Amino acid sequence: MNFEDAVAARRSVRVFRDGAVPRAAVERAVALAATAPAPHHSSPWRFVVLEEPRDKERLARSMGAAWREDLLSDGLKEGAIGRILDRSHALLTHSPLAVVCCAEMSRSHSYPDERRRLAEWSLFAHTIGAALQTFMVALAAEGIASCWLSAPVFCREVVRRELGLEESIEPHALVLCGYASLDYRPRERPVADAGDYLIAPDSLCGREQEA
Ligand SMILES: Cc1cc2nc3c(=O)[nH]c(=O)nc-3n(C[C@H](O)[C@H](O)[C@H](O)COP(=O)(O)O)c2cc1C
């Protein structure tokens with residue numbers, strides 16, 4: 001597969017058919033993900049691979065309990081909460097393999113003020129995004145589907161506790177991996193037009209000359 005095809009082949013797939021994802025393929029994708037640019041040569045990406053059903057079940061239950069608290073405080077009714085949590089629980093527990101992607105924050109610089117602490121933290125969130133895109137595209141190039149779930153961001157402590165992670169390891173995402181269900185049909189993706197994404201503020205030199 002060439003680069004363009006592999007990038008386009010990565011879609012968020014949430015329903016998988018039976019079939020284990022080869023560990024070697026996951027390791028190849030992790031190795032490619034670890035070529036992502038990172039602040040201060042920090043290489044902070046850490047991946048926890050969950051293959052055992054009971055590990056996925058435990059994590060799904062604990063994250064679900066945390067989400068339940070949030071939904072209750074949002075004022076949702078029991079019935080609606082149950083439907084949301086059941087769907088989310090099934091997503092994780094029905095996936096053949098899940099990967100929790102984390103940042104090793106001991107690799108970050110410390111600052112005395114909140115502005116720079118937040119800036120530094122965001123650099124680590126950025127490199128996680130860069131690594132995850134590569135990870136998922138690498139899987140797609142091998143015919144393995146994936147879906148990025150943001151749940152860990154909302155309950156980092158719970159994920160840390162369930163996985164037995166050290167305090168310095170910050171969970172960022174959960175990526176479901178597997179072979180797409182045979183009846184999976186991707187939602188149509190419009191052909192991207194760069195013009196929709198490029199902005200040219202008036203203060204740029206070229207714009208001033210045009211005016
Ligand atoms: C930061 C981030 C968080 C996401 N969180 C979720 C999520 O919690 N649940 C989910 O089903 N999809 C999640 N997605 C997947 C998006 O819904 C998906 O990328 C989007 O709908 C575009 O579809 P595509 O990936 O097939 O192009 C997330 C994607 C990103 C980048």
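Criteria and cut-off values
Residues numbered from 1 in each chain as written. Predicted model: local features only at pLDDT ≥ 70, side-chain atom pairs only at ≥ 80, totals over all residues. Helix = DSSP H or I, 4+ residues; strand = E, 2+ residues; numbered from the N terminus. Contact = placed C-beta atoms within 7 Å. Core = buried A, V, L, I, M, F, W, Y, C linked by C-beta atoms within 7 Å. Buried ≥ 20, exposed ≤ 12 C-beta atoms within 10 Å, placed from the backbone. Arc of directions from axis to C-beta. Near = placed C-beta within 6 Å. Axes fitted to C-alpha atoms, helices over the stretch in contact; angles between N-to-C directions. Parallel < 35°, antiparallel > 145°, perpendicular 65-115°, else oblique. Left-handed = near helix turned anticlockwise from the far one by under 90°. Pairing = 2+ DSSP bridges. Nonpolar A, V, L, I, M, F, W, Y, C, P; charged D, E, K, R; others polar.

S.K.: I keep staring at the overall build of the protein chain and nothing clicks. Help me out?
M.R.: In terms of helices and strands, the protein chain carries 8 helices and 4 strands. For the protein chain, the share of sequence-separated contacts (at least 6 apart) that also reach a separation of at least 24 residues comes to 81%.

S.K.: Just to check I follow, could you spell out the nonpolar core for this structure?
M.R.: A general tendency of soluble globular proteins is for nonpolar side chains to be buried together. Residues Ala98, Cys101, Leu132, Phe135, Val175 and Cys177 are the most contacted members of the largest nonpolar core, which totals 43 residues. Listing elements by their share of this core, those giving two or more residues are helix H2 (23-33), strand E1 (45-50), helix H3 (53-73), strand E2 (97-104), helix H5 (114-141), strand E3 (145-149), helix H7 (156-163) and strand E4 (169-178). With 11 residues, the single largest contributor to this core is H5.

S.K.: It is not clear to me how H2 should be interpreted in this structure. Could you clarify?
M.R.: Regarding H2, the residues found buried are Val26, Ala29 and Ala33. One face of H2 carries all of its buried residues, which in axial projection span an arc of 65°. Facing away from the buried surface of H2 by more than 90 degrees, the exposed residues are Ala24, Glu27 and Ala31. On the buried face of H2, the contacting elements are E1, E2, H5 and E4.

S.K.: How should I be thinking about the site of the ligand in this particular structure?
M.R.: Neighbouring the ligand are Arg11, Ser12, Arg14, Cys147, Trp148, Leu149, Ser150, Ala151 and Arg189. Sort the elements by how many residues they give to the shell around the ligand and E3 lands first, with 3 residues.

S.K.: Sorry if this is basic, but what is going on with the packing of H3 against helix H4 (residues 78-93) here?
M.R.: Between two packed helices, the angle of one axis relative to the other and the distance separating the axes together describe the packing. One way to put it is that H3 packs onto H4 with a least axis distance of 9 Å and a crossing angle of 155°. Taken together, H3 and H4 sit at an angle that is classed as roughly antiparallel. Considering how the two elements wind past one another, H3 and H4 form a crossing that is right-handed. Across the interface between the two elements, Lys56, Glu57, Leu59, Ala60, Gly64, Trp67, Arg68, Leu71 and Leu72 of H3 pack against Ile81, Ile84, Leu85, Ser88, His89, Leu92 and Thr93 of H4.

S.K.: In this structure, what is going on with the sheet that holds E3? I would like to understand it.
M.R.: Sheet architecture is open: 4 strands sit in the order E1-E2-E4-E3, paired in antiparallel fashion. Only two strands of the sheet have a single partner each, and these edge strands are E1 and E3. Averaged over all adjacent pairs, the angle separating strand axes in this sheet is 25°, with direction ignored. Across 6 bridges, E1 lies against E2 in antiparallel orientation. Within E2, the position partnered with arginine 46 by the bridge is cysteine 102. Set on the sheet, H5 makes contact with E1, E2, E3 and E4; between it and E4 the angle comes to about 15°.

S.K.: Please explain the environment of alanine 66 as it appears in this structure.
M.R.: Mapped onto the elements, alanine 66 comes out in helix H3. When sequence neighbours within four positions are dropped, the list of residues in contact with alanine 66 reads Cys155 and Val158.

S.K.: Mind showing me how you'd approach the packing of H3 against H7 here?
M.R.: Close contact between H3 and H7 brings their axes to 10 Å; oriented N to C, the two are set at 155°. With respect to H7, the element H3 is oriented roughly antiparallel. The chirality of how H3 crosses H7 is right-handed. Contacts from Arg58, Leu59, Ser62, Met63 and Ala66 in H3 reach Val158, Val159 and Glu162 in H7. Considering only residue class, the contact of H3 with H7 consists of 5 nonpolar, 1 polar and 2 charged.

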